[in-house]
Amino acid sequence: MKVLVVGASSAIAHETARCFAADGAALFLVGRSAEKLAAIQHDLEVRGASKVATYTLDLNELAQHEAMIDAAYEALGGLDAALIAHGTLPNQAAVQTSVEQTMQEFQTNCLSTISLLTILGNRFEQQRRGCIAAISSVAGDRGRSSNYVYGAAKGALTVFLSGLRGRLEKSGVAVVTIKPGFVDTPMTAHIKKNPLFAKPGAVGKRIYTAMLKGQDVVYVPWFWRYVMWIIRVLPESMFKKLSF
Amino acid sequence: MVDKGYAGDHRSWGRYPKIRRQKVVPVYWRDDEIDLSAIDGTILPYGLGRSYGDSCQNEDGTLIDIAPLNRMIAFDEENGLLRCEAGVSLADILKVIVPRGWFLPTTPGTKFVTVGGAIANDVHGKNHHVAGTFGRHVTQFELLRSDGTRIVCSPDQNVEMFRATVGGLGLTGLILWAEFKLRRVPGPFIASEQIRFRNVDEFFDISADSEHRFEYTVAWVDCLATGKQLGRGLFMRGNHAWPNKVPGKKAGQRSLFTVPVDLPWFALNLVTAKVFNTALYHSQLGKSKRKVVPYDSFFYPLDMIHDWNRLYGSPGFIQYQFVIPFDHDRSAIRSIFKQISDSGVVSLLSVLKVFGDVPSPGMLSFPRPGVTLALDFPVRGQRTLNLLDRLDRVIQDEGGAIYPAKDSRMSADAFQAFYPQWQEFSQYIDPKFSSSFWRRVTRTTE
C-alpha cells in the first residue's frame, strides 16, 4: 500500500498513518514543519512502515500542490490512497470581525483541500483505482453561531467530496468523507474537555478501516451521525435561537 | 492508544484520595520549546494514571500530560535497543517488538503504563529475581528541567541525576524520551505452571525451588483464609516458550469487557470477597497445572477487563504493597497474614513474590531483597486505615518499606523511616515540581 498523507503532523493523520505503517505500507508525509515530520517519520519507521518520505510545504501555497503530488508519485512509485487531513480551528469571535481572516480560514480548511482533491481526483480517475479520503467535520453539517466560519468551509468541502465521489464512482475510485466530532488533539487543546471528546488513536483507526473499505461518509465516533441528524432536522426558526 | 475513561479524566487508578482542583497541560512535541516556568504553581508529569494513590496527583497545581508524547524514535533490532518518547505505553511497545523476537526487560502487571512512568517508579515484575527493576535496563533518557535545561542522563553520564530520576516519582523534571534494552524471546508464548500451596511455608518452598529454573514467578494468596489455611494460594511460574512447543495458537489478547459503571460500594464485601478467593483457590483441581499461554494472559490478566478499578465503586480503593527482608522462621510475614485475616478487613486480590538481590538503581527505588506482598482494600473508613497503620509499624520494625507508587495514606514519619535517603534525594528535585504524595510524606511533624 502506497499512501500520501497531507497534514501528517496532525494527531489524527498520524494515528491513521500508524495503522498503515503496521501493515508495512509506504508513506509520503506532507506538512509545514520539517522537524515534526521527522519525528513522525521515525515513529512510523519503527512501527513497521516499509518506506517513509517527507515533504515540507505550507499547503496554502496552492501553486506547489502539483509538484508535491508529482514528488509523492515519484518517491513511492505510484499511489494507492491519499488522506488529506490538514486544517485549523479558527476562533469564531476573531474571524467574524475580519474579512481577511475569514478568507484565510477558507483558504486553509476548504480551498487548499479542494485544490488537492482536484489534482488527485484526476490522477486517480486515470489510474482507475485507489481511495481518496479527506477530513471534513460534523461542524460542516449545519452552521452554528459559535463556529460557522469553520463550519461553512467544512460544509463546502463536504459538498465537493460528495460530487467528486459520484464522478469517480465510475472509475472505481473511492472518495471517503470523514466527519469527526470533538477529538482531543493540539487543535482543541484550549477547549475544556468533556466525555464527548474522542481519543485520536480511536479516530485514526476508524479512518484507516473506512479507507480500506472505501466507505462513503463516516462519522467518528459513530454516534455523531445521529446527533447531527437531529441537529439538521431542527427547523431554522428554532435553530437560530440556540446559542452553541 | 489507551483510553483513560474520557479525555478529561486525570485521576489515579485507585481513585483515592479524591483530588478536586488540579489543572492539566498537555505536551505535544519533544523538540518544541517547552516553558515549564510559565505555568502557575507546581507541576507534575502524568502518563496513563496507573499509579494507585496520590503520587500521580498534584492538588492545587498542574499535571503535565505526557500521553501525546507517544512516538517511537529508533529501534536497533540487532542489539535490542529501543528509544521512544516518554508517553509511549508498554502495550504499544509490545506490539512493535514481540513480532520481531524481542520482549520487555521486565514488566509490571499492567501494560497500560508509560515508559516515563516505568522509570519514575522504577517498576518491577515477575522476573525481579533475575532481571531486577526496569531502571536497570535504561541506557539513557533526556530530562527537561523547569529552568529550560535539558539533561541527558545515563548510568555513566549525569549519574546522580540518573539515580535520582529512576524511582524519583516524577519530581526531578520531565522525562522527554528514554532508551532501554530489550530481551530476546523465541516467540510470544509463555510455558506456565500453576501450583496450589496450602500455607506460607509451602509458598516459600515452591518459591525457592522455582527461582533458578523459572524466569517469572508470582503467587496469588487468599488473605481471607484463616487458621491452618493461612496464606494458601496459587503459585504461578513460567518461561518464554519455544515455538515448537506451541500447538498452533494465536497470540492476540481479547479484551473481555469494559466495566461500564461504578459498582455500588457495597457490591464488594467480606462475603463476595470470600466467595471470589475460595473459588479462585479451588479453580484448579490438581496440585499443579501446566499450560502454554499467550504472553498477555500470563502477564496482564487484569488488562482484559478495562477499567477494573470501577469494581470497587466510586469511593475507590487502597493498594498496599510492602517488602520485608527475609527472616529465618518467616514469623514476620506469618504474623502480618494473621493480622490481616483477623482484622476482618476485605482484601480482594493479594499478590506475593520473593524479590531477588539484584540492586535497584534508583535512590528511592522500592524493590530490595525480601518478600513483597501487594493487597487491595476498598475504601471503607477507619478500620482499614488503622490496620494499615499497624502493619506500617511491623514493616518498620522489620526494616522493610512501602511502595510509593501504590500508596495513598502512609504517614510522613513512616515514609521517612522507610526511605531515610529522602533528604539526599530532595536536592535533585526540580524546584517547580511537586506532588500530593510528596507534600504529604515530607510534611514536617511537630
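Parameters and conventions
Residues numbered from 1 in each chain as written. Chains lettered and ligands numbered in written order. Predicted model: local features only at pLDDT ≥ 70, side-chain atom pairs only at ≥ 80, totals over all residues. Helix = DSSP H or I, 4+ residues; strand = E, 2+ residues; numbered from the N terminus. Rg over C-alpha atoms; globule rule 2.2 N^0.38 Å. Contact = placed C-beta atoms within 7 Å. Buried ≥ 20, exposed ≤ 12 C-beta atoms within 10 Å, placed from the backbone. Domains from an automatic or database assignment. Nonpolar A, V, L, I, M, F, W, Y, C, P; charged D, E, K, R; others polar.

1. A look at the overall build of chain A
Along chain A, the regular secondary structure elements total 9 helices and 7 strands. For chain A, whose C-alpha radius of gyration is 17 Å, the value lies close to the compact-globule estimate of 18 Å for 244 residues. Across its three principal directions, the C-alpha atoms of chain A cover 55 × 40 × 35 Å. Partitioning the intrachain contacts of chain A with sequence separation of at least 6 by distance along the chain shows that 67% fall at a separation of at least 24.

2. Observations regarding the interface of chain B and chain A
Taken together, the 15 residues of chain B in the interface contact 19 residues of chain A. Top contributing element to the side of chain B that touches chain A by residue count: strand 4 (residues 72–76) of chain B, with 4 residues.

3. Considerations on the environment of Ala405 of chain B
Residue and element names in this part refer to chain B. Considering the arrangement of structural elements, one finds Ala405 in the loop between strand 20 (401–402) and helix 10 (412–418). For the pair Ala405 and Leu82, spaced 323 residues apart in sequence, the C-alpha to C-alpha distance is 25 Å. Once residues within four sequence positions are removed from consideration, Ala405 is found in contact with Ser51, Tyr52, Ser55 and Asn121.

4. Let's talk about the environment of Gly31 of chain A
Residues and elements named next belong to chain A. Checked against the element boundaries, Gly31 lands in strand 2 (residues 26–31). Here Gly31 falls in the buried class, since 25 other C-beta atoms lie within 10 Å of it. Separated by 55 residues in the primary sequence, Gly31 and His86 have C-alpha atoms spaced 8.1 Å apart. In contact with Gly31, other than residues within four places in its own chain, are Gly7, Ala8, Ser9, Lys36, Leu37 and Thr56.

5. Here we look at the domain arrangement of chain B
Interface size, as often reported, equals the accessible area lost upon joining of the parts. All names here are of chain B. With domains assigned, chain B is organised as domain 1 (72–185) and domain 2 (189–418). Its C-alpha centre places domain 1 at a distance of 24 Å from the equivalent point of domain 2. Between domain 1 and domain 2, the residue contacts involve 25 residues of the former and 25 residues of the latter. Put simply, the parts of the chain that give the side of domain 1 that touches domain 2 at least two residues each are helix 3 (128–131) and helix 4 (159–165). If you tally residues by element for the side of domain 1 that touches domain 2, the top one is helix 3, at 4 residues. Of the residues in the side of domain 1 that touches domain 2, the class split is 7 nonpolar, 13 polar and 5 charged.

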